[in-house]
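This is what each chain is made of:
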Amino acid sequence: MITAHQLEVRAGARLLMENVSFRVGPGDKVGLVGRNGAGKTTLTKILSGEALPAAGSVHATGDVGYLPQDPRTGDPEVLARERILSARGLDDVVRRLRDAEADMGSDDPNVRERAMKRYSRADAELHAGGGYAAESEAAQIASSLGLEGRILTQPLRTLSGGQRRRVELARILFSGADTLILDEPTNHLDADSIVWLREFLKGHKGGLIVISHDTGLLEATVTRVLHLDANRAVIDVYNMGWRAYLQQRETDEKRRKRERVNA
């Protein structure tokens, strides 16, 4: 759960929004919308804990999985598979398993014996962390996002920007975080992967905040809308789905226009 209280958000000296308060609880699927430059990305950084507001506070309970627009995190030498597994702390144990497997083929019986003991310890840790089912789940998520098996065996530094982003998205979806904050998650995804992502997010039991230009994704997943009004420096909260929001927003804009004319 994420609670924002009396937020003031700025980009340098420019005021983006003030006195903003809202709550995202379990099961809330929120579309964060507004024109370019309204402050959507800045707000998600604050909600994820990667930046601070000019005033006000954000309180989060449970884990938060955040996908920024341009993720550049992770050791570039780490394999893509290990990067995804690191979301649940399984990357190190899988690496130790692979190293032990290699040593178990040694001609030296002492090396083989030590390797078998290391393998047993690592295998026990893997089972305690969800076992091989978790590794299979990570591979399935990666595949659904268009990451082939060969890509998962490559270091991050060898991947394209689009592949890196899909690795980070897979990592966040695999993490099991209570709240997901996704900034343009459909970037670099093909049509099949977008359809799969819609279904995944619809089934997510925790909270969701998503920025997306993909109206199909918003229509399929969103149950609430936060509209950042750059002219008024406020957030309008709509407790309704995407289509109802579009109709209500049009009505609100017409009303405000009449009020300005009358004033």
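Caption draft 1: Focus on the overall build of the chain. When helices and strands are tallied, the chain shows 10 helices and nine strands. Counting only residues that meet the buried cut, the chain has 44% of its 263 residues in that class. In the chain, the proportion of contacts linking residues at least 24 apart, taken out of those at least 6 apart, comes to 63%. Accessible area for the chain stands at about 13,200 Å²; split by element, carbon and sulfur atoms hold 47% of it. Both charge centroids of the chain, one from 38 positive and one from 37 negative side chains, sit 6 Å from each other.

Caption draft 2: Expanded view of the environment of alanine 244. As for its placement among the helices and strands, alanine 244 is situated in helix α10 (residues 242-262). For the pair alanine 244 and glycine 149, spaced 95 residues apart in sequence, the C-alpha separation works out to 41 Å.

Caption draft 3: Fine view of the pairing of strand β9 (residues 234-238). Where strand β8 (residues 224-229) lies against β9, five bridges are found, and the strand directions are antiparallel. Paired with leucine 226 across the bridge in β9 is valine 237.

Caption draft 4: Structural detail: the sheet that holds strand β7 (residues 207-211). Spatially, β5-β6-β7-β3-β8-β9 is the arrangement adopted by the six strands of the open sheet, whose pairing is mixed. Looking at strand neighbours, the two that pair on one side only are β5 (64-67) and β9, the edges of this open sheet. On average, each strand axis in the sheet is inclined to that of its neighbour by 15°, with strand direction left out of account.

Caption draft 5: Spatial organisation of the pattern of salt bridges. Under the counting rule described, the total for this entry stands at 19 salt bridges. The shortest N-O distance in the salt bridge between glutamate 77 and arginine 157 comes to 3.0 Å. A residue pair is termed long-range when its members are at least 10 positions apart, and glutamate 77 in the loop between β5 and α2 (80-85) and arginine 157 in the loop between α6 (149-152) and α7 (161-175) qualify at 80 residues. The salt bridge partner of arginine 232 is aspartate 229, with a shortest N-O separation of 3.0 Å. You can call arginine 232 partly exposed: its relative accessible area is 36%. You can call aspartate 229 buried: its relative accessible area is 8%. Overlapping salt bridges, with partners in common, bring together Asp229, Arg232, Asp236, Arg249, Glu253 and Arg256 in one network.

Reading guide: rules and limits
- Residues numbered from 1 in each chain as written.
- Predicted model: local features only at pLDDT ≥ 70, side-chain atom pairs only at ≥ 80, totals over all residues.
- Heavy atoms only, no water.
- Helix = DSSP H or I, 4+ residues; strand = E, 2+ residues; numbered from the N terminus.
- Buried < 20%, exposed > 50% of the residue type's maximum accessible area, 1.4 Å probe, protein only.
- Contact = heavy atoms within 4.5 Å.
- Areas by Shrake-Rupley, 256 points an atom, 1.4 Å probe, with all protein chains shown as cover.
- Lys, Arg positive; Asp, Glu negative; His and termini not counted.
- Charge placed at Lys NZ, Arg CZ, Asp CG, Glu CD.
- Pairing = 2+ DSSP bridges.
- Axes fitted to C-alpha atoms, helices over the stretch in contact; angles between N-to-C directions.
- Salt bridge = Lys/Arg side-chain N within 4 Å of Asp/Glu carboxyl O.

Function cannot be inferred from these measures alone, as they are strictly geometric.
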